[in-house]
Amino acid sequence: MTNRRTRPAPRPPEGTPPRAELARQARAVLADAVRIAHWAAGTPGPGTTAPLAAHALERAATALELSPAQVRAGWDRARLAGLVELHGDTARPGWRLRAWDRDDSAVLRGWVALFDAWSLVHAAPAGIEAGAVAEAVEAVPQVLSLLQLSAGPVTVPALLDLLGQRVAELQEERCEVPLGPGRTAPAASAAPAETAADQTAATAGPARSADLNALLLDWALEGLAAVGALTLGKGHATLTPLGNWAVWVKLEQICVAAQSPAGNIEQSAADMLLGCARLTPGPARDEYRAWLAARTVGSAVAELLAVARGEDALLRGLAFEALRVVGGPAEPEVRAVLAEPSLRPYALLWLAEYEGNDPDDAQDVLSREEATWLWVDTAAAVADHGETGLLVRHLDSAVQGTVPALLDEVRAVGHPRTVQVLVALAAAHPDPALAKAVRRAAFQVHTGGA
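Basis of the calculations
- Residues numbered from 1 in each chain as written.
- Predicted model: local features only at pLDDT ≥ 70, side-chain atom pairs only at ≥ 80, totals over all residues.
- Heavy atoms only, no water.
- Helix = DSSP H or I, 4+ residues; strand = E, 2+ residues; numbered from the N terminus.
- Buried < 20%, exposed > 50% of the residue type's maximum accessible area, 1.4 Å probe, protein only.
- Areas by Shrake-Rupley, 256 points an atom, 1.4 Å probe, with all protein chains shown as cover.
- Contact = heavy atoms within 4.5 Å.
- Pairing = 2+ DSSP bridges.
- Axes fitted to C-alpha atoms, helices over the stretch in contact; angles between N-to-C directions.
- Core = buried A, V, L, I, M, F, W, Y, C linked by side-chain atoms within 4.5 Å.
- Phe/Tyr/Trp six-rings, centres within 6.5 Å; stacked < 30°, edge-to-face > 60°.

Draft legend 1. Broad picture of the overall build of the protein. Within the protein, the secondary structure is distributed over 22 helices and five strands. Out of the 450 residues in the protein, the part that is buried amounts to 42%. Carbon and sulfur atoms form 56% of the exposed surface of the protein, whose accessible area is close to 23400 Å².

Draft legend 2. Local environment of the side chain of His394. With respect to the element layout, His394 can be found in the loop between α19 (388–393) and α20 (403–413). Beyond its immediate chain neighbours, meaning those up to four positions away, His394 contacts Trp375, Thr378 and Ala379.

Draft legend 3. Representation of the pairing of strand β5 (residues 236–239) within the structure. In this structure, strand β3 (residues 154–155) lies alongside β5, joined through two bridges in antiparallel fashion. Paired with Thr155 across the bridge in β5 is His236. As defined by bridge partners, strand β4 (residues 230–233) adjoins β5 across four bridges and the pair is classed as antiparallel. Bridge pairing links Leu230 to Leu239 in β5.

Draft legend 4. Inspection of the sheet that holds β5 at higher detail. The strand order β3-β5-β4 describes an open sheet built from three strands, whose pairing is antiparallel. Every interior strand has two partners, whereas the edge strands, β3 and β4, have only one. Running at roughly 75° to β5, helix α8 (residues 130–150) makes contact with β3, β4 and β5 of the sheet.

Draft legend 5. Examining the nonpolar core more closely. The biggest cluster of nonpolar side chains holds 64 residues, and the ones touching the most others in it are Leu273, Leu304, Phe320, Leu323 and Trp375. Discounting chain neighbours no more than four positions away, the residues touching Trp375 are His394, Leu395, Ser397, Ala398, Leu406, Val410, Val421 and Leu425. Core analysis: the next-biggest nonpolar cluster, separate from the first, contains 61 residues, Ala33, Val34, Ala61 and Trp100 among them.

Draft legend 6. Quick peek at the side chain of Thr238. With respect to the helices and strands, the residue Thr238 is situated in strand β5. Apart from the residues lying within four places of it in its own chain, the contact partners of Thr238 are Leu147, Gly152, Pro153, Leu230 and Thr231.

Draft legend 7. Structural context of the environment of Pro125. With respect to the element layout, Pro125 can be found in the loop between α7 (118–121) and α8. Judged by its relative accessible area of 23%, Pro125 falls in the partly exposed class. Discounting residues that sit within four places of it in the chain, Pro125 has contacts with Leu215 and Trp219.

Draft legend 8. Expanded view of the packing of aromatic side chains. This model, assessed by the stated rule, comprises four aromatic pairs. Relative to Phe115, the ring of Trp111 has its centre 5.3 Å away and its plane inclined at 10°; by these criteria the two rings are stacked. Remark: Phe115 and Trp111 occur in helix α6 (residues 104–116); sequence separation between them is four residues, near one turn of the helix. Using a relative accessible area of 4% as the deciding quantity, one classes Phe115 as buried. Measuring from centroid to centroid gives 5.3 Å for Trp350 and Tyr354, while their planes differ by 20°, and the two rings are stacked. With Trp350 and Tyr354 both in helix α17 (residues 344–354) and four residues apart, this pair spans about one turn of that helix. In this structure, Trp350 and Tyr354 share a single accessibility class: buried.

Draft legend 9. Representation of the environment of Pro12 in the model. Examined against the element boundaries, Pro12 turns out to sit in the segment before α1 (19–29). According to the relative accessible area criterion, Pro12 is partly exposed, its value standing at 40%.

Such coordinate-based values are descriptive only and should not be taken to indicate function.
Rendered as structure tokens:
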């Protein structure tokens, strides 16, 4: 189908512990969070509200022999790692909690989710404007890359220098010129000579910027240490095995993105999905990962859902396949579209699989009407992009036991493509009697008849 060059499975850096050992370390980092999640799962009523109510906090501290501060920190980590899930004002056990003792991959994904949220685990210093904090967070991946490539301790001055350079690059990309305190951009007619006050302000600006960068670097290193990604020594920092592995994984994602064939990485979501439509599932998932790695999670999920809301049923299904690759970070947005009839069946199936249900059993979460709507939508995708034989075989996937029952429920479900689907099915089906019944049903839907 493509000229895609196969790439051997990447190997972690030499010295990286086996996945089982990495999972053991991740379980150790999240031990308190797991205990609190289990406690909340077995505590009905006030114990499962989110955020943890004051009286529930005291009860948990007593039951688990932890301080209230430890309980509060563990509760936040449990939420960020997907051990508990928020449903309105109630928190319920997440699928990762159910799989925690038996599934190393679930454990590592949970820890990576916590690693990605390090800036939420450790509150930023008070009194710093949000823009400066955001710049530091955006610059941290460069700091982590240096730590990973160094394969050992890196001095804080070296990290500070790199952070300062990256922040300056970000400001330059945004066409921002840092000014000293109390300074404004000079007018075009300003005299070239500087006053003593100007010189003082000019020297005060960079010094303040360096102090701010140092404060933000300390905050970032402490936050990353808090989630088990690095250790801090006297004047230096070192990635832990977990942190080293996580940074390597993210660098590999960037490499995969750079090797995306046919330029899919640079395409819109719709064009990327169309480019993947005829790939088998494995290569398609590789393309989804490459496209996602080049974007922020929020913008990628929003773009995929926008495509899913369009008229092309094939792209709707493929968009949710790509969202499966996104995983947990897409869960709030997917849950939010449950109220949209055209997306609800796809979202229900996505959530069922995300919560650990077997894909073969996930259809059980759909009502009869939702399953029928999805059948019509899938048939529309086949009619638009597939082969006639596939459309005929699609009849076998309907939940109804007979064609007359299927036609009755298809007419009632109100899918906007019902007429086109039935006409295409009638034209494709080799049985003249069945084709006639399907054609009659299409006519009745078209004319509004019974």
